[in-house]
Amino acid sequence: MKKIKLLSIILAATIFVAGCQAKTDKNGSEKADVSKTKDAKDADLNKIKITDLRGNTNIFMDINGQKVTFDNFYKYYDLYSGILAMQRNLTGELSNLLVRDKIIKDELKAKNITVTDEEVKKEIDLYVKNLGGEEEFGKYLSILGVKLDVFTENIKNSLLNKKHLETFKKENKATDEEVKKYYEANKDSLDNVDAKHILVDDEEKANEISNKLKAGEDFEKLSTKNSKDTAANAKGGQLGKVTRAAFEPDFVEAAFNLKDNEVSAPVKTKYGYHVIVVNKNNVGLDKNKEKINDILTKQKYNKNIEEKIKSTKVNFYDFNGKKMENKN
């Protein structure tokens, strides 16, 4: 059988495999069985009601006076969603995700690593909070067209994926040699400082400002009063991340050599004279080790998962339940 290709969606969570039984109230609105998380605070999932938008005959919009109802809109919404899914070959992507999830669950089970109901509830609470409450969350699920139990299982799978990655990172840290090699090849994009500056036209004024800052005067006030960089002034003189590629070489060299909260002497560029203050210096191998290790272990993780998916035996069946012929 032709192996399923591992796509960029590999780190996404699936929305398959129901994990808890859904119940319905007397009005037919769906509720989740969340008895195991009844002691959790914040959102009360038993209050989540999913409106049946696909059966709602109320008006959704009108076009030059011609009404379009919710049920009619979502009829086409679902149709075009299906067409787009076919165009993107989502069947292949989601099949791939199911294989991946099976691998992850088996490996975590062997290590006795699980996701608790409380952890799942906490994640759902964040969704509810960010969406504005139980009612808005119910609308969100109705627009997605998914049941609460499916969404809950999706959250659980996401947390399992996260724990699997974290476990892999702990067991497969990059070597010092690998980290150093990566840094040397990518230091222009890795090295940076978080900085702010005040830009003036003459060196004497820049020296005056530098001395005032060293004496403890307020940076933002001096910037507002003196700097001709109006874009930075709108943010209190803050420049954000300064990299080699995005700034003048003389400016970068001066900024990269400053310690945290250190004030520079005047730095001349074609724009004038800068007084630079570094909020955080992230230059050098030592300051980038953690970030590089994270990058390298994620690369190893993706490669590891891809190899396992390729070596997993997968059979597909047609609509009649007949196993389809394997193709190499």
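Located above this text is the structure these notes cover.
Residues numbered from 1 in each chain as written. Predicted model: local features only at pLDDT ≥ 70, side-chain atom pairs only at ≥ 80, totals over all residues. Heavy atoms only, no water.

1. Let's talk about the side chain of N226
Defined as follows: Helix numbers and strand numbers start at the N terminus; a helix is a DSSP run of H or I with at least 4 residues, a strand a run of E with at least 2. In protein, a polar contact means a hydrogen-donor-capable atom and an acceptor-capable atom, both N or O and within 3.5 Å, with residues adjacent in sequence counting only if both atoms are side-chain atoms; elsewhere, any N or O pair within 3.5 Å suffices. We call two residues in contact whenever any of their non-hydrogen atoms come within 4.5 Å of each other.
Checked against the element boundaries, N226 lands in helix α8 (residues 219-226). A polar side-chain atom of N226 sits 2.9 Å from the main-chain carbonyl oxygen of L222. When residues no more than four places from it in sequence are discounted, the contact partners of N226 are I198, L199, V200, K205 and I209.

2. Details of the sheet that holds strand β6 (residues 238-242)
Short version of the rule: Each pair of strands is called paired provided DSSP finds at least two bridges between the two strands. What counts as an axis is a line fitted to C-alpha atoms, over the stretch in contact for a helix, and the angles between N-to-C directions run from 0 to 180 degrees.
In spatial order, the strands read β6-β5-β8-β7; together these four strands make up an open sheet with antiparallel pairing. This sheet does not close on itself; its edge strands, each paired only once, are β6 and β7 (267-269). In this sheet, neighbouring strand axes are inclined to one another by 40° on average, regardless of whether the strands run parallel or antiparallel. As paired strands, β7 and strand β8 (residues 272-282) are joined by three bridges and run antiparallel to one another. In the strand pairing of β8, V267 is matched with H274. Contacts from helix α10 (residues 249-256) reach β5 (192-200), β6, β7 and β8 within the one sheet, and its direction differs from that of β8 by about 45°.

3. Some remarks on unusual backbone geometry
Negative phi is the rule for most residues except glycine; trans is the rule for most peptide bonds. The following threshold applies: The buried label applies to any residue whose accessible area, calculated with a 1.4 Å probe on protein chains only, is under 20% of its type's maximum; exposed applies above 50%, and partly exposed to all values in between.
Even without being a glycine, N89 presents a positive backbone phi close to 55°. With a relative accessible area of 48%, N89 lands in the partly exposed category.

4. Here's the deal with the packing of helix α5 (residues 148-171) against helix α11 (residues 285-310)
So the rule is basically this: In what follows, roughly perpendicular refers to angles from 65 to 115 degrees, roughly parallel to angles under 35, roughly antiparallel to angles over 145, and oblique to any angle outside these ranges. The crossing is said to be left-handed when, going from far helix to near helix, the turn is anticlockwise and less than a right angle, and right-handed when the turn is clockwise. All amino acids are sorted into three groups, where Ala, Val, Leu, Ile, Met, Phe, Trp, Tyr, Cys and Pro are nonpolar, Asp, Glu, Lys and Arg are charged, and the leftover types, Gly among them, are polar.
Taken N-terminus to C-terminus, the directions of α5 and α11 make an angle of 115°; their axes are 10 Å apart at the nearest point. Classified by the interaxial angle, the pair formed by α5 and α11 is roughly perpendicular. The crossing of α5 and α11 is right-handed. Listed contacts from α11 to N161, H164, L165, F168 and K169 of α5 are D294, T297, K298, K300, Y301, N304 and I305. Of the residues contributing to the contact of α5 with α11, the split by class is four nonpolar, four polar and four charged.

5. Quick notes on the environment of N281
With respect to the secondary-structure elements, N281 resides in strand β8. Here the alpha-carbon distance between N281 and D194, two residues 87 residues apart in the chain, equals 6.5 Å. If we ignore the near neighbours within four places in the chain, the residues touching N281 are N192, V193, A255, F256, L258, D260 and K287. At 2.7 Å, the side chain of N281 forms a polar contact with the backbone oxygen of L258.

6. Let's talk about the pairing of β5
On any regular strand, side chains alternate: one points to one face of the sheet, the next to the other face. Across the nine residues of β5, eight count as buried, placing the element largely inside the fold. Judged from the nine bridges that link them, β5 and β8 form a sheet pairing that is antiparallel. In the sheet register, H197 faces β8, and the bridge partner there is I276. The sheet contact formed by β5 and β6 spans four bridges and is antiparallel. Bridged to A195 within β6 is G240.

7. So, the nonpolar core
Counted only if it meets this: Buried residues of nine kinds, namely Ala, Val, Leu, Ile, Met, Phe, Trp, Tyr and Cys, make up a nonpolar core once their side-chain atoms join them within 4.5 Å.
Within the largest apolar cluster, 26 residues are counted, with the highest numbers of intra-cluster contacts made by I48, I124, F137 and L141. Secondary structure elements with two or more residues in this core: α2 (90-110), α3 (117-131), α4 (134-144), α5 and α11. Examining the composition of this core, we find that seven residues originate from one element, α5, more than from any other. Core analysis: the next-biggest nonpolar cluster, separate from the first, contains twelve residues, F251, V252, A254 and V278 among them.

8. Focus: the packing of α2 against α5
At their nearest, the axes of α2 and α5 sit 10 Å apart, and the two run at 65° to each other. Of the two possible hands of crossing, α2 and α5 adopt the one that is left-handed. Across from R100, D101, I104, K105, E107 and L108 in α2, the residues of α5 making contact are E153, N157, L160, N161, K163 and H164. Classifying every residue of the contact of α2 with α5 by side-chain character gives three nonpolar, three polar and six charged.

9. Points about the pattern of salt bridges
Our working rule: Whenever a carboxyl oxygen of Asp or Glu lies within 4 Å of a side-chain nitrogen of Lys or Arg, that contact is scored as a salt bridge.
The final tally for this structure, using the stated rule, is 24 salt bridges. Among the ionic pairs, K169 bridges to D294, the shortest N-O distance being 2.3 Å. Here the residue K169 occupies a position in helix α5, and D294 occupies one in helix α11, the gap between them amounting to 125 residues. Given a relative accessible area of 27%, D294 falls into the partly exposed group. Note that E306 is salt-bridged to K310, the shortest N-O span being 3.4 Å. Of this pair, E306 and K310 both sit in helix α11, four residues apart, roughly one helical turn. Judged by relative accessible area, which is 44%, K310 ranks as partly exposed. It is possible to trace a salt-bridge network through shared partners that takes in E135, E136 and K139.

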